[in-house]
Amino acid sequence: MPKCNIHRCLFLLALLLACVAPTYATERWSRLAHTAFKHHQQPDMTGGNSFAQDRQGFVWIGTQTGLVRWDGSRYLRYMGDTTRTDALPDSYILSVHIDWRGHLWVGMNSGGVARYDAAHDNFVRYRAVPGGLASGDVGAITDDGADGILVGHGAGIDRIDAAGAVSRMVYAAGAALPAGGVSFLLRATDGRLWIGTERGLFLMDQDRRVRPVALVDGAALPIGALFQDSTGRIWVGTRANGAFLVDAATLKATAVRESGPVSTLQQERVVSMIEAAPDQVWIGTDGSAGGIVVLDVLSGETRRIRHRADTPDSLLDNNIMTMFRERGGIVFVAGMGGLSQHGPVSDAVTTVRYLDPDAAGVLSVPSMMQAPDGRLWLSIAGGGIKIVDPATGQVSSVPDLPKGRVLAIVPGPDGEIYLGTQKGLYRADAQGRRARLVPVPGRALEEEVWALAVRDRVLWLGDLEGVRALQLPPAGSRDTARLLRHETDRLGDPRVTALLIAGNDLWIGTRTGLARLGRLDPASASVELVPTELAAADRLAPGYVSSLLLDRQGRLWLSNFGIGVIMLERTHADGQRHFRRFSKLQGMPDNGANMVLEDVDGAIWASTDTGMARIAPGTLAIQSFGPGDGVQVPLYWTNSGARTAADELVFGGLSGLTVLRTRALAPWRYAAPVAVTRIVLGDQEIPGGSYNIAGRRAAPITITPEGRERGFSLEFAALDYSAPERNRYAYQLKGFDRDWIATDTTSRRASYTNLPPGDYVLLLRGSNRNGEWSAPLEVPVRVLTAWHQQPWARLAAVLLAALLLAGLMHARTRYLRRRQHELEAMVEARTAELRVTQAQLETLAYSDPLTGLANRRLFSDELRHLVAQAERGGSGFTLLLIDLDHFKPINDTHGHDAGDALLVAAAGRLLAAVREADRVFRLGGDEFAVLVGGTTDRATLEPVCARILHNLAEPLLLPQGDTIKISVSVGAAVHQSGHSHEQLYKLADVALYRAKGAGRNTWQLAE
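Anyway, here's the lowdown on the structure attached to this text. Along each chain, numbering runs from 1 in the same order as the chain's sequence is written. Local features in this predicted model are restricted to residues whose pLDDT is 70 or higher, and side-chain atom pairs enter the listing and the counts only when it is 80 or higher, whereas totals over whole chains, interfaces and linings include all residues. Side-chain metrics in this entry use all non-hydrogen atoms of the structure; hydrogen atoms and water are not considered.

### Brief notes about the nonpolar core
Leu67, Leu714, Leu762 and Leu764 are the most contacted members of the largest nonpolar core, which totals 56 residues. Starting at the N terminus, helices and strands are each numbered in turn, a helix being any DSSP run of H or I of at least four residues and a strand any DSSP run of E of at least two. Element by element, the count of residues in this core is highest for strand 60 (residues 712-718), at five residues. Among buried residues, the Ala, Val, Leu, Ile, Met, Phe, Trp, Tyr and Cys ones that are joined through side-chain atoms within 4.5 Å form a nonpolar core. For every residue, the accessible area (1.4 Å probe, protein chains only) is compared with the maximum for its type, and the residue is labelled buried under 20%, exposed over 50%, or partly exposed between those bounds.

### Considering unusual backbone geometry
Excluding glycine, most residues fall at negative phi; most peptide bonds, likewise, are trans. That bond from Gly343 to Pro344 is cis: its omega, 5°, falls within 30 degrees of zero. Along the polypeptide, Pro344 turns up in the loop between strand 28 (338-342) and strand 29 (349-352). In this model, Asn754 sits at a positive phi of 55°, which is unusual for a non-glycine residue. Inspection of the secondary structure puts Asn754 in the loop between strand 63 (749-752) and strand 64 (758-766). One non-glycine residue, Asn1001, adopts positive backbone phi at about 55°. If you trace the backbone, Asn1001 turns up in the loop between helix 8 (981-997) and strand 72 (1003-1005). Taking relative accessible area as the criterion, Asn1001 reaches 41% and is therefore assigned partly exposed.

### Quick word on the pairing of strand 16 (residues 200-204)
Across a regular strand the side chains alternate sides, sitting on one face of the sheet and then on the other. Of all five residues making up strand 16, five are buried, and the element is well covered by its neighbours. When DSSP finds two or more bridges between a pair of strands, those strands are recorded as paired. In this sheet, strand 16 lies alongside strand 15 (residues 193-197) in antiparallel orientation, the contact comprising five bridges. Within strand 16, the residue paired with Trp194 across the bridge is Leu203. Connecting strand 15 to the next strand, strand 16, in antiparallel fashion are two residues. One ladder, built from four bridges, connects strand 16 with strand 17 (residues 210-213); its direction is antiparallel. Along strand 17, the bridge assignment pairs Phe202 with Pro212.

### Topic: helix 6 (residues 896-913)
Expected helix span is taken as 1.5 Å per residue step, with the number of steps being one fewer than the number of residues. For helix 6, with 18 residues, the first-to-last C-alpha span of 25 Å sits near the 26 Å given by 1.5 Å per residue. Among the residues making up helix 6, those that are buried are Ala898, Gly899, Leu902, Leu903, Ala906, Ala907, Arg909, Leu910 and Ala913.

### Some words on the packing of helix 5 (residues 887-894) against helix 6
Only C-alpha atoms enter the line fits that serve as axes; for helices the fit covers just the stretch in contact. Angles between N-to-C directions range over 0 to 180 degrees. Where helix 5 contacts helix 6, the axes come no closer than 6 Å and their chain directions differ by 135°. The orientation of helix 5 relative to helix 6 falls into the category oblique. In this structure, helix 5 contributes Phe887, Ile890, Asn891 and His894 to the contact, and helix 6 contributes His896, Ala898, Gly899, Leu902 and Leu903. Orientation labels follow simple angle bins: below 35 degrees gives roughly parallel, above 145 gives roughly antiparallel, 65 to 115 gives roughly perpendicular, and whatever is left gives oblique. We call two residues contacting when some pair of their heavy atoms lies within 4.5 Å.

### A few points about the side chain of Arg233
In this fold, Arg233 is placed in the loop between strand 18 (223-228) and strand 19 (234-238). Here Arg233 falls in the buried class, since its relative accessible area comes to 1%. Think of a polar contact as two N or O atoms within 3.5 Å of one another; within protein, one of them needs to be a possible hydrogen donor and the other a possible acceptor, and neighboring residues in sequence only count if both atoms come from side chains. Within the local environment of Arg233, its side chain forms a polar contact with the side chain of Asp229, the two groups lying 2.5 Å apart. In terms of polar contacts, Arg233 uses its side chain to reach the side chain of Thr231, at 3.1 Å.

### A look at the packing of aromatic side chains
Here a pair means two rings of Phe, Tyr or Trp (six-membered ring of Trp) with centres within 6.5 Å. Their orientation is stacked below 30 degrees between planes, edge-to-face above 60, and tilted elsewhere. All told, the structure shown has 21 aromatic pairs when counted by the stated rule. Measuring from centroid to centroid gives 5.5 Å for Tyr78 and Phe123, while their planes differ by 80°, and the two rings are edge-to-face. Of this pair, Tyr78 sits in strand 5 (residues 75-78) while Phe123 sits in strand 9 (residues 122-126); the two residues are 45 residues apart in sequence, bridging distant segments of the chain. On the numbers, 6.0 Å between centres and 85° between planes, the contact of Tyr731 with Tyr752 is edge-to-face. Within this pair, whereas Tyr731 is found in strand 61 (residues 729-734), its partner Tyr752 is found in strand 63, the two being separated by 21 residues in sequence. Residue Tyr731 shares its accessibility class with Tyr752, and that shared class is buried. A network of ring pairs unites the aromatic residues Phe51, Phe324, Phe332 and Tyr721 as a single cluster. The ring of Tyr354 carries the charged tip of Arg308 above its face, separated from the ring centre by 3.7 Å. Just above the ring of Trp740 sits the side chain of Arg765; from NZ or CZ to the centre is 4.3 Å. Charges are assigned to positions over rings by a cutoff of 6 Å between ring centre and Lys NZ or Arg CZ, combined with an angular limit of 35 degrees from the ring normal.

And the structure:
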């Protein structure tokens, strides 16, 4: 049986089982899994209607306010312009499509369809005019199976051939679509055309015969989405009746039902469908229930992804507009509020944000335990214990516990569970049906218990007064626990944070170090206090021991909340112990290490305050994992983690659980294509799309002799959307640069001025998030030769120079004989002149030639210096990023001279608005920055920003008599402890976008 038929049968069977008795098993954690998103809420990226990804790797988004090209970090928006014949005629984009030749087609609400010309960065338009399209509202575009495209609109279907000729769709004799609009077109892999209309679903074969496809008997349902998955299955969404799977052979439709007792999907509007992972279909809805229905095709199991106000990385909006999966596996979800990004989908990492989707507040787990029955006991930060079955998702609570957190959990010798709480020691039965307080001799009943460990019938208890050994009574006995030993002073610090029984030793972690009880005899065990020394790298570092672990090789590991992870490397015959540290210097994501666990292959995993780290068992190499790898919990509790019976590693965080299936982890191998995103030659931006077309040799960037001083700058991007902030960039101008030049991730710019004449090749390379380089992109560059650099001019200059040199030598000889005594004075004058010249060159290197302000290079140096100074206790400061509002229309309307005058005036007004001690910079174009000292809150910033807005709002009178009214948008970010200069810049940039989104001519402070 063909593979697609097997999948189809399995799906239909699963749907039947879901309707009759939906009690089948599911994958572990699947019912509790949280789907995390990061959000892009720039105003120009809201209201997305459609997506496409071109051959170069750019993602194109059709929105209600324009067409957006997205490279993962920055976007470029194209808007409707009725004054130009090579621009989009309409900003309301309904559909985008990449045809078989790689061309981008754009369908608009009223402007017809347009083809993007990448080489010239403009559009070829096809309007609803006589001899053109029959209607201007283009909601669907697809290939025609030959050399053209099909355009679905309000009056049916038109065809545009390779030459650009428009014609009406011609059907077989007696076949036609009913009157009404075409909303969706799907060219299936078998060549047939699926057509979604307001009057139902239709199928056209390769002979252009059209037949209706009934989804529900006797009803023609308006279609809301059409989709074919990787196995060839056809999925249909409707406007009010949910989703269907259609058998491509029999055309029989099966409704998709949600698993569980209640399914509302059949009454919902389905607007988009994608295959987020093999055999996993996402169904985007827009209605009262809302969100995304995730369907496991093979099992029929479903779950809902929805927005939660208490979860910042939840879905941005429950009213889905469209969805898209790009080539690297990233899923984009568009809503009115912006763009949500997820992925790529991985089975290796699961995030659990909440145990009850209807309850408020995210999950926070200070401690946990893997129970013998396979369930996980979770301490809840708000108090109490939740017992979770990862296989079924069932959750129960342990009654009778006091208010406050449970800080430690261990299984007892008779199947019972011991709980160390903030209100004393408790014992619960194995099923968690009841719990009772356990009195400890010599200890108050409700004192905190921080750590527990059990060996045979001895329970070791750690608290803020040392460690105690308790002899547990036999099962069923009414006797109380008997105190065998209480050790406190000899531990170095009585505040116990972790306990580990390893062989015949009890290792004791405290808030300042480590101790050991040898031979584990409660009555006679010796005490070793391990000495600490911060300066010696091979000694135990002092600090809070947050967890302890003995690996399969017998090595002791501990996490230190402040130093990182520490391993006991060896112990000499004289008893001296040598340790090895793993901190940020060695590659850890953070020095705040919370919990260490060993996976099934012997690797050590550590939760930190900035994600997870894996330490290889043999090489001890460190690998970091963060949001781009699926680790969505940013902060973890100390000593909260467990290895499950299924060999998963579970870490408890302040905002959920991270579940790692370490053997399912696969390195990110996506080869990120490199693309040119912007080219500025002199003062003019030129199209760069031709350099991104594979196999096409584009004309070189040509620099004239007059333009050598201004040169050119080129921006580029590696199109890995998973974690673009981790991509690396470098460039090299062959024939000029000896080596590769690294460039900052936020700028990604190569700039050159005053190049010698000749032909060059600019090599651009970028990496994916793991730092693996893609093949370099080559951009030819040509610098033309001036007349005085021609061969004949050079020869004439050499001859003339020779004659002049002979005469000068003769004159100089006589002159030196007469004026030898003036030689020293001339040397001194020349030296002074060189010093002045050097100072001028340094000024040019660090200043903007137009405004006289300091440039981006000096800004970067001073920003790094101020951040470093603040981190060492210096005074606080604020970064202001300032953009002139609507600067480009002023250039276009009044010319570049007016634009230059505006920039010069803006620079002067900025200087007048701030104090002499504050530094003003021009970063390029219409971008300015101000470093304001001594400002740490909104109250001190308010007058500064008000003066800037007031000064810049004054109209500017041009020499020719025109008056320009201007304004600025300001984004402010106050430096906080721990901020790097990149983080501070990003916060200010986000605030600037918020200011623009708020209507411009205002300022916003980063949150």
